[in-house]
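Tertiary structure, described
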Amino acid sequence: MKKKKLGTLILSALLLIGVLAGCGNSADGGNKSAAGSLDAIKKRGKLIVGVFSDKPPFGFTDEKGNYIGFDNDLAKRFAKDLLGDESKVEFVPVEPASRIPYLQSDKVDLILANMTVTDARKEQVDFTNPTMKVATQVLVSDKSGIKTLDDLKGKKIIVTKGTTADIYLTEHRKDVELIKYDKNTESLQALKDGRGDGYAQDNFILISWAKDNPGFHLIDEKLEKEAPIAPAVKKGNTELRDWVNKELQTLGKEHYLIELYNKYVKDALGADTDPYEVITEDGKI
Amino acid sequence: MQLDTDFMTRHIPDFVHAAGLSLSIGGIAILLSLSVACIYSAILFFQVPILKGFVRAHVEVARNTPLLIQLFFLYYGLPSIGIKLSSMTVVFIAMTFLGGGYFTEVFRSGLDAVTKTQAESGLALGLSRMQLFRYVIMPQAFRISIPALFANFIFLLKETTIVSAVAVPELLYTTTSYISLYYKTYEMLLMMTICYLIIFLPLSFLLSCIERRYQYGTHGH
């Protein structure tokens, strides 16, 4: 009796490992079949894009649940120029930490979710030319008494999992106690509820939120120097990457990104910000 | 697919630590839930007025709302009315709320399964209602409840994955943190699954052994 039970135990362990290994293999096989190739997208008749749904002004939804914002409108424009109609886009809401896994497992063709280009990420996915520049900063409550980055020592700082701020602080500031949430909205709510002394994130998101929420201010010092933000495709999908690069060039000529900036980002950052400090039109990093 | 086994071995200590936290949260939640369920069962058995209604209401709410919603309500909802609880407090309240509800149902079905003649015979022998509950009904009901109770132990332990949502660094939180930092998706998911298997397979084995012992009289092995 006991032997039988033990056998079941070992069998179930083996089974699970087998299933897991199987998952890995099929995802790997997807590499060759190129699920995100231009042909596959055209055949399918829609472009599948991973976007943010809770990060105004870049990716968010209106009251009716339509995806809008700088990145999301750009995705619609891509669909229009690739497939002839801006409705031929399927939005998949992603979180910062799920962006790369979604590309790797072929759940989306393209990630257009305010993703900063970093060396580590370049090893995992292929970035197209950038659309923006961003720096990470820390938003702190006025009561916290934090004035410089050195003051962060021993403080509780909120980050959203998988953001550049999370990666930087985890690796370089072991003296800071990090509280990690999956979603930007959760992090902001936690900051508001006083669960941390500050929130480290891309500065545009912080500036835009702080406008509506008094009692918080940005630390002037930046965590890292400015870095480009770019759309990303699955590693090896040069076909789609080259198409996006060409498309960005065309859009640059008609200043489409500036148009989107004026529509969404200008109000959030204030009219005195020079759009060219934020937007990259010529495609150069 | 090439697994980065070096990366996996390097992070074994973190996973051991996280698994320890998952287990302690689960273990404490089970003990708290058991205490709640015992008190509730007594209330239901003795038909205590008012309290009886409260227990029924709790059981229904606990069994019909998802744990994640209970956590979010306590963690993000309550601060708006000025009550700020720490993640750990929120986790224990929510898990005890959930576990208490489920365990009470388990005990209730156990109590119902004890034949009426047992209670009648006890009363005929002149036992007080308290003695009847303590010496006649409880021991039998408990034995009947064991299989369902153990299944619920495992259920509650598995529910600990959900507490990662309120930033408690247990196994799932650790896994998703590493995935988001180093993009080692398959490696970290494999590590997590192995950890859960190491915890749960021996545990269910142990529990079914105990179960068998207690059912000895009834099954006749």
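Please read these numbers as outputs of a predicted model, since none were measured by experiment.

**Some details on the overall build of chain B**
Secondary structure summary: chain B contains ten helices and zero strands in total. Listing the helices and strands of chain B from first to last along the sequence gives α-α-α-α-α-α-α-α-α-α. A principal-axis box enclosing the C-alpha atoms of chain B has dimensions of 70 × 55 × 20 Å. Looking at the 221 residues of chain B, the share that counts as buried comes to 45%. Sequence-distant contacts in chain B: of pairs separated by 6 or more residues, those separated by 24 or more amount to 78%.

**Topic: the UniProt feature "domain: ABC transmembrane type-1" (unreviewed entry) in chain B**
UniProt marks residues 19–207 of chain B with the feature "domain: ABC transmembrane type-1" (unreviewed entry), using the numbering shown here. The span residues 19–207 of chain B carries 81% helix and 0% strand; its end-to-end C-alpha distance comes to 19 Å.

**A closer look at the UniProt feature "domain: Solute-binding protein family 3/N-terminal" (unreviewed entry) in chain A**
UniProt's feature table lists "domain: Solute-binding protein family 3/N-terminal" (unreviewed entry) at residues 46–268 of chain A, given in the numbering used throughout. Annotated as residues 46–268 of chain A, this span is 37% helix and 25% strand, and its ends, taken at the C-alpha atoms, are 31 Å apart.

**Things to note about the pairing of strand S12 (residues 198–202) of chain A**
All names here are of chain A. With respect to burial, S12 is a largely interior element, five of its five residues being buried. Looking at chain direction, strand S9 (residues 136–141) and S12 are connected through five bridges and run antiparallel. Residue leucine 139 lies in a different strand from S12, and its bridge partner there is tyrosine 199. With two bridges connecting them, strand S10 (residues 156–160) and S12 associate as parallel partners. Directly across from isoleucine 157, in S12, lies its bridge partner glycine 198.

**Looking at the sheet that holds strand S5 (residues 89–93) of chain A**
Residues and elements named next belong to chain A. An order of S5-S1-S6-S15-S7 is seen for the five strands of this open sheet, with the pairing classed as mixed. The sheet is open, and its two edges are formed by S5 and strand S7 (125–127), each paired on a single side. Bridging between strand S1 (residues 47–51) and strand S6 (residues 110–111) involves two bridges; their strand directions are parallel. Residue pairing in the sheet places valine 49 in a bridge with leucine 110 of S6. Along the sheet, helix H3 (residues 70–83) makes contact with S1, S5 and S6, crossing S1 at roughly 170 degrees.

**A few points about the environment of A:Leu206**
Residue and element names in this part refer to chain A. Following the sequence through the fold, leucine 206 ends up in helix H8 (residues 203–212). Separated by 72 residues in sequence, leucine 206 and valine 278 have C-alpha atoms that sit 14 Å apart. Contact partners of leucine 206, with chain neighbours within four places excluded, come to Gln137, Val138, Leu139, Tyr199, Gln201 and Leu218.

**Description of the packing of aromatic side chains**
All chains considered together, the criterion is met by 20 aromatic pairs over all chains. Between B:Tyr75 and B:Tyr76 the ring centres are 5.0 Å apart and the planes differ by 90 degrees, which places this aromatic pair in the edge-to-face class. As far as burial versus exposure is concerned, B:Tyr75 and B:Tyr76 are alike and both buried. Of note, A:Arg195 hangs over the ring of B:Tyr75, and the distance from its end group to the ring centre comes to 3.5 Å. Positioned above the aromatic ring of B:Phe7, the side-chain terminus of B:Lys184 is 5.6 Å from the ring centre.

What counts and what doesn't
- Residues numbered from 1 in each chain as written.
- Chains lettered and ligands numbered in written order.
- Predicted model: local features only at pLDDT ≥ 70, side-chain atom pairs only at ≥ 80, totals over all residues.
- Heavy atoms only, no water.
- Helix = DSSP H or I, 4+ residues; strand = E, 2+ residues; numbered from the N terminus.
- Buried < 20%, exposed > 50% of the residue type's maximum accessible area, 1.4 Å probe, protein only.
- Contact = heavy atoms within 4.5 Å.
- UniProt positions renumbered as here; feature names shortened; annotations may be inferred.
- Pairing = 2+ DSSP bridges.
- Axes fitted to C-alpha atoms, helices over the stretch in contact; angles between N-to-C directions.
- Phe/Tyr/Trp six-rings, centres within 6.5 Å; stacked < 30°, edge-to-face > 60°.
- Lys NZ or Arg CZ within 6 Å of the ring centre and 35° of its normal.

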